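Given next are the chains, with one letter for each unit.
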Amino acid sequence: MLTVMQHLTLTTTRLHLRPVEQQDVPAHVRLWTDAEVRRHLGGPVDAEVVRAREQGCVGAPGLLSIVRRADGQVVGSVLAEAEARNGHTEISYQLLPEHWGYGYAREAVTAVVDWAAVALPGREIVAVTQETNTRSRRLLDAVGGILAERFVEFGEPQVLYRMPFRAS
């Protein structure tokens, strides 16, 4: 499983999803520290945690930079964590605010969900977001996610979506 996740690279019409490379680290730091990106994720990450993540994000299994094919710019990240939530594969994603509204998150999430459904057979694929995160909830609805659970985690109401399998 680890090997599959470490070498994961996907290409879509507009995006290249690939393991984090050293030149991507500044974009990932922005994802961890931008107040708007982190609004529904517990707020900006503490500087000490950022330093630790900087050291460990390059090549981390399942963590992908979302890169525009047209110009090579990192627009966000997506993470596929096998066995993250009760043995299920959890998909999470973040985009830099200037790239919101262009469909990049939908394109990236769809690609990773479709990959996980084939590469990790028999594993349920889920995504979790805060109940108040309407943008993320609309995205999960749009890619066919089904609202399956409501619960409180980190002191905030959360929703869990079960993701569909779409045969290509």
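About the thresholds
Once a new chain begins, its residue numbering starts again from 1 and follows that chain's sequence as written. It should be noted that, the model being predicted, local features are given only for residues of pLDDT at least 70 and side-chain atom pairs only at 80 or more, the latter also being counted only at that level, while totals for whole chains, interfaces and linings use all residues. Working from all heavy atoms in the structure, the side-chain values ignore hydrogens and water. Numbering of helices and strands starts at the N terminus; helices are DSSP runs of H or I of at least 4 residues and strands are runs of E of at least 2. Our radius of gyration is a C-alpha quantity, and the globule rule it is checked against amounts to 2.2 Å times the number of residues to the power 0.38. Each residue is assigned to one of three classes by its accessible area relative to the maximum for its type, calculated with a 1.4 Å probe on protein chains only: buried under 20%, partly exposed between the two thresholds, exposed over 50%. Each accessible area is a Shrake-Rupley result for a 1.4 Å probe, and residues are judged covered by the shown protein chains and nothing else. Counting rule applied: Lys, Arg positive; Asp, Glu negative; His and chain ends not counted. Where a charge lies is defined by one atom per residue type: Lys uses NZ, Arg uses CZ, Asp uses CG and Glu uses CD. When a carboxyl oxygen of Asp or Glu is within 4 Å of a side-chain nitrogen of Lys or Arg, the pair counts as a salt bridge. For this analysis, a nonpolar core means a set of buried residues of the types Ala, Val, Leu, Ile, Met, Phe, Trp, Tyr and Cys, connected via side-chain atoms within 4.5 Å. Residues count as neighbours in contact if any of their non-hydrogen atoms are within 4.5 Å of one another. Pairing between strands is defined by DSSP: at least two bridges between them are needed. Cavities and pockets were defined on a 1 Å grid built from protein atoms only: a cavity is a group of points that admits a 1.4 Å probe but offers it no way out, a pocket is an open group of points flanked by protein on both sides within 12 Å along at least five of seven lines, and a lining residue is one with an atom within 4 Å of any such point. Grid points are joined across faces, edges and corners, and a volume is the space filled by probe spheres set on the points. When residues are grouped by polarity, Ala, Val, Leu, Ile, Met, Phe, Trp, Tyr, Cys and Pro land in nonpolar, Asp, Glu, Lys and Arg in charged, and all others, Gly among them, in polar.

Visitor: Looking at this structure, I do not really get the overall build of the protein. What am I missing?
Guide: When helices and strands are counted, the protein shows five helices and eight strands. Sequence-ordered secondary structure for the protein, helices as α and strands as β, is α-β-β-α-α-β-β-β-α-β-α-β-β. For 168 residues, the compact-globule formula gives about 15 Å, and the C-alpha radius of gyration of the protein, at 15 Å, lands near that figure. Overall size of the protein, expressed as C-alpha extent along the three principal axes, is 35 × 35 × 30 Å. Looking at the protein as a whole, 46% of its 168 residues are labelled buried. Total accessible area computed for the protein in this model is approximately 8600 Å², and 51% of it derives from carbon and sulfur atoms. Computed over 18 positive and 20 negative side-chain charges, the inter-centroid distance for the protein is 5 Å.

Visitor: How should the pattern of salt bridges be read in this particular structure?
Guide: Pairing is possible between side chains that carry opposite charge, provided their charged atoms lie close to one another. With the rule as written, the count across this model stands at nine salt bridges. The closest approach of N and O atoms between Glu-107 and Arg-14, which form a salt bridge, is 2.7 Å. Of this pair, Glu-107 sits in helix α4 (residues 104-119) while Arg-14 is found in the loop between β1 (10-11) and β2 (15-19), placing the two residues 93 residues apart along the sequence.

Visitor: I tried to follow the nonpolar core on my own but got confused; where do I start?
Guide: Proteins that are soluble and globular tend to have nonpolar side chains buried together. Ranked by size, the top nonpolar core spans 31 residues in total, and within it Leu-17, Val-78, Val-112 and Met-163 carry the most contacts. Beyond its immediate stretch of four places on either side in the chain, Leu-17 contacts Leu-8, Thr-9, Leu-10, Thr-12, Leu-64, Ser-65, Val-78, Ala-108 and Val-112. Counting residues in each nonpolar core, the second largest holds nine residues, with Val-20, Trp-32, Val-45 and Leu-63 among its members.

Visitor: Honestly, the pairing of strand β4 (residues 74-85) in this entry has me stumped. Any pointers?
Guide: Looking along a regular strand, one sees the side chains alternate between the two faces of the sheet. Of the strand pairs in this sheet, strand β3 (residues 63-68) and β4 are connected by five bridges, and their pairing is antiparallel. Within the sheet, the bridge partner assigned to Val-67 lies in β4 and is Val-74. Connecting β3 to the next strand, β4, in antiparallel fashion are five residues, including Gly-72 with a positive phi near 75 degrees. Taken together, the seven bridges between β4 and strand β5 (residues 88-95) define a ladder with antiparallel strand orientation. Its bridge partner lying in β5, Leu-79 is registered against Ser-92.

Visitor: So what exactly am I meant to see when it comes to helix α2 (residues 25-33) here?
Guide: Every α-helix carries 3.6 residues per turn, so stepping three or four residues along brings you back to the same face. Among the residues of α2, Val-25, Ala-27, His-28, Val-29, Leu-31 and Trp-32 are the ones counted as buried. Next to the buried residues of α2 lie α3 (47-56), β3, β4 and β5.

Visitor: Just checking my understanding: could you explain the environment of Met-163 for this structure?
Guide: By secondary structure assignment, the location of Met-163 is in the segment after β8 (156-162). Discounting residues that sit within four places of it in the chain, Met-163 has contacts with Val-113, Ile-125, Val-126, Ala-127, Leu-140, Val-143 and Gly-145.

Visitor: Looking at this model, I keep getting lost on the layout of surface pockets. Mind explaining?
Guide: Think of a ball as big as a water molecule: rolled over the atoms, this probe shows where empty space is left. Empty space within the largest pocket amounts to approximately 1300 Å³. Surrounding the largest pocket, 45 residues form its lining, Leu-41, Ser-92, Tyr-93, Gln-94 and Asn-133 being those nearest its centre. Residue assignment for the lining of the largest pocket shows that the elements contributing at least two residues are α2, β4, β5, α4, β6 (125-130) and α5 (134-142). The element that contributes the greatest number of residues to the lining of the largest pocket is α5, accounting for six residues. Here the lining of the largest pocket is composed, by residue class, of 18 nonpolar, 16 polar and eleven charged.

Coordinates in, geometry out; function isn't part of it.
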